[in-house]
Amino acid sequence: MSRTEAPPLPEPLGVPVADSHTHLDMQDGTVEEALARAAAVNVTTVIQVGCDVKGSHWAAETAAAHPSVHAAVALHPNEAPRIVHGDPDNWSRQGAREGGGTAALHEALAEIDALAALEHVRGVGETGLDYFRTGPEGVAAQEESFRAHIEIAKRHGKALVIHDREAHADVLRILADAGAPERTVFHCYSGDADMARICADAGYFMSFAGNMTFKNAQPLRDALAVAPLELVLVETDAPFLTPAPYRGRPNAPYLIPVTLRAMAEVKGVDEDTLASAIAGNTARAFDY
């Protein structure tokens, strides 16, 4: 089986659900094809997430053109330091960039702010902190950007979508300090069961991706087990994090049923019960 070959369509879900976090702009094929494949397995709504100014504009335009797509717009935590300090290695595939300092960051944030005001933009994210890829020199830019996104989400009454990689304590600290928006989503939830209890107490949504099916992901399954049903979402983060048994092959919204069925097993509920809960939770989280 080729690593580049798309996995087969899973058995359709009995209840329509949403993919709470995907990157259609990074997947092969057209948006129309991706949405048709997803609809064929009863994944009827997707949240298209921007990671930089260009991707956020694309997300907003795509949501405007497709009723089943809602947009989230932001500068990814790794994007903020690149704007400030430069990206000589072209890591983000935008061409080698010179650093523009905080003035350039403020300019980019102003564009995100303008996009966040649009009706079909339902979320501000993915924002947060990522200590895996950004060294200590990038932390200040990440934190400034994160705090700005929290303000933008609150000002426009939009969901805050959080990317938290190896930065749990600081993400929770900043949310508590700045005051989290009414609706906050931990995308690709990566904490343990103890953190899930903290998130539950704060009313934060926890969105689980295909990595919860990986053999080494017992802490994620433990977190899902204690997460309240009314705060659980499902996502692909496609084209990344393809669920087992297709790990390493391209991910897409149509693979949501694979992850959802694994989640139902962990939660000890039938898949229709979980799908119904997730459908309602996602609509509530993103206010559509």
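Residues numbered from 1 in each chain as written. Predicted model: local features only at pLDDT ≥ 70, side-chain atom pairs only at ≥ 80, totals over all residues. Heavy atoms only, no water.

Enquirer: Tell me what's going on with the side chain of R122, and back it up with residues and numbers.
Expert: Mapped onto the elements, R122 comes out in strand β6 (residues 121–130). Residue R122 is classed as buried on the basis of its relative accessible area of 9%. At 3.2 Å, the side chain of R122 forms a polar contact with the backbone oxygen of F286. Ignoring sequence-local partners within four residues, the contact set of R122 consists of H70, A71, K158, A159, F286 and D287. (Helix = DSSP H or I, 4+ residues; strand = E, 2+ residues; numbered from the N terminus. Buried < 20%, exposed > 50% of the residue type's maximum accessible area, 1.4 Å probe, protein only. Polar contact = N/O pair within 3.5 Å; in protein donor to acceptor, adjacent residues only side chain to side chain. Contact = heavy atoms within 4.5 Å.)

Enquirer: Pulling in residues and values, what's your account of the pattern of salt bridges?
Expert: One pass over the structure, following the stated rule, counts 11 salt bridges. A salt bridge links E119 to R122, with the nearest nitrogen and oxygen atoms 3.5 Å apart. With a relative accessible area of 61%, E119 lands in the exposed category. For E143, the salt bridge identified is with R173, shortest N-O distance 3.5 Å. Of the two residues, E143 sits in helix α5 (residues 139–156) while R173 sits in helix α6 (residues 168–178), which places them 30 residues apart along the sequence. (Salt bridge = Lys/Arg side-chain N within 4 Å of Asp/Glu carboxyl O.)

Enquirer: With reference to specific residues and values, describe the nonpolar core.
Expert: In this structure, F146, L175, F186, Y189, F208 and M263 are the most contacted members of the largest nonpolar core, which totals 83 residues. Considering every element that reaches this core, the biggest residue donor is helix α4 (residues 101–116), with 6 residues. (Core = buried A, V, L, I, M, F, W, Y, C linked by side-chain atoms within 4.5 Å.)

Enquirer: Describe the packing of aromatic side chains, with residues and values.
Expert: The final tally for this structure, using the stated rule, is 2 aromatic pairs. Note on F186 and Y204: the rings are 5.7 Å apart at their centroids and 35° apart in plane angle, and the pair reads as tilted. One end of the pair, F186, is in strand β8 (residues 184–186); the other, Y204, is in the loop between α7 (193–202) and β9 (205–208), with 18 residues separating them in the sequence. Judged by its relative accessible area of 9%, Y204 falls in the buried class. (Phe/Tyr/Trp six-rings, centres within 6.5 Å; stacked < 30°, edge-to-face > 60°.)

Enquirer: How would you explain helix α8 (residues 218–226) if you had to name every residue and give the values?
Expert: Turning to α8, its buried residues are L220, R221, A223 and L224. Each buried residue of α8 lies within a common arc of 155° when the element is viewed along its axis, so the set occupies one face. (Arc of directions from axis to C-beta.)

Enquirer: Any chance you could break down the state of the cysteines for me, citing the residues and the numbers?
Expert: Inspection of every chain in the model, using the stated rule, returns 0 disulfides. The closest cysteine sulfur to the non-disulfide-bonded C51 is located on C188, 12 Å from its own sulfur. Cysteine C199 shares no disulfide, and the gap to the nearest cysteine sulfur, in C188, comes to 13 Å. (Disulfide = S-S within 2.5 Å.)

Enquirer: Let's hear about the pairing of β6: which residues, and what values?
Expert: Counting buried residues in β6 gives 10 out of 10 residues, a clear majority hidden from the surface. Two elements, strand β3 (residues 69–73) and β6, share 3 bridges in a ladder whose sense is parallel. When the sheet's bridge partners are listed, V73 is paired in β6 with V124. With 6 bridges joining them, β6 and strand β7 (residues 159–165) adopt parallel strand pairing. Residue pairing for β7: D130 is matched across the bridge by R165. (Pairing = 2+ DSSP bridges.)

Enquirer: Would you mind going over the packing of helix α2 (residues 53–65) against α4 in detail, with residue names and values included?
Expert: In contact at an axis separation of 10 Å, α2 and α4 are set at 10° when each is read in the N-to-C sense. Accordingly, the angle class assigned to the pair α2 and α4 is roughly parallel. Between α2 and α4, the residues in contact are V53, S56, H57 and A60 and A108, E111, I112 and L115, respectively. Of the residues that constitute the contact of α2 with α4, the class distribution is 5 nonpolar, 2 polar and 1 charged. (Axes fitted to C-alpha atoms, helices over the stretch in contact; angles between N-to-C directions. Parallel < 35°, antiparallel > 145°, perpendicular 65-115°, else oblique. Nonpolar A, V, L, I, M, F, W, Y, C, P; charged D, E, K, R; others polar.)

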